[in-house]
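Chain residues, written in single-letter form:
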Amino acid sequence: MKKFNYKVLEVNHVIEPIKDKFNCTNQSWTKNCIVKNQFTGEIIKIDSNTNNINLKKIIDFIDNNDSIVGDEFNIKTT
């Protein structure tokens with residue numbers, strides 16, 4: 001049986017108001033999610049504004065694959 005290294009525990013879409021250069025308010029979609037590292041048991045909360053390259057890979061993967069709670073996946077992190 002193949003063991004996956006991450007499992008999706010929660011995925012949230014958040015609409016945030018942002019001001020543009022003309023001081024108009026627009027809406028920006030951000031996503032945050034909670035994943036569990038299946039090997040260490042670590043619970044990791046990630047939001048789409050992260051600067052951490054590994055966390056960015058995870059959230060982009062979840063976003064690009066429309067992952068839902070309960071999905072398991074392998075992703076290479078450094």
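In the block above lies the structure referred to throughout.
Q: Give me helix α1 (residues 53-64): which residues, what numbers.
A: Relative to the 16 Å expected for 12 residues at 1.5 Å per residue, α1 spans 16 Å between its end C-alpha atoms, a close match to the ideal helical length. Where α1 is concerned, the buried positions are N54, L55, I58, I59 and I62. For α1, the arc enclosing every buried residue in end-on projection is 130°, short of the 170-degree limit, so these residues lie on one face. Looking at α1, the residues exposed on the side facing more than 90 degrees away from the buried face are I53 and N64. Measuring from the side-chain oxygen of the N-cap residue of α1 to the backbone nitrogen of N54 gives 2.8 Å; that N-cap residue is N52.

Q: Mind laying out the pattern of salt bridges, listing which residues take part and the relevant values?
A: Throughout the structure, instances matching the rule amount to one salt bridge. Where K31 meets D63, a salt bridge forms, and the shortest distance between an N and an O atom there is 2.8 Å. Here the residue K31 occupies a position in strand β2 (residues 25-37), and D63 occupies one in helix α1, the gap between them amounting to 32 residues. Using a relative accessible area of 7% as the deciding quantity, one classes K31 as buried. What makes D63 partly exposed here is its relative accessible area of 40%.

Definitions and limits used
Note on numbering: residues in each chain are counted from 1, in written sequence order. Local features in a predicted model are, by the rule used here, given only for residues with pLDDT of at least 70; side-chain atom pairs are given and counted only at 80 or more, and totals for whole chains, interfaces and linings are based on all residues. Excluded from the side-chain calculations are hydrogens and water; all other atoms, namely the structure's heavy atoms, are used. Starting at the N terminus, helices and strands are each numbered in turn, a helix being any DSSP run of H or I of at least four residues and a strand any DSSP run of E of at least two. The span one expects for a helix is its residue count, reduced by one, times 1.5 Å. Each residue gets one of three labels from its accessible area relative to the maximum for its type: buried under 20%, exposed over 50%, partly exposed in between, using a 1.4 Å probe on protein chains only. Taking the helix axis as origin, the arc is that swept by the directions to the C-beta atoms. Here a polar contact is recorded for every N or O atom pair within 3.5 Å, except that within protein the pair must consist of a potential hydrogen donor and a potential acceptor, and residues adjacent in sequence are included only if both atoms are side-chain atoms. Any carboxyl oxygen of Asp or Glu within 4 Å of a side-chain nitrogen of Lys or Arg constitutes a salt bridge here.

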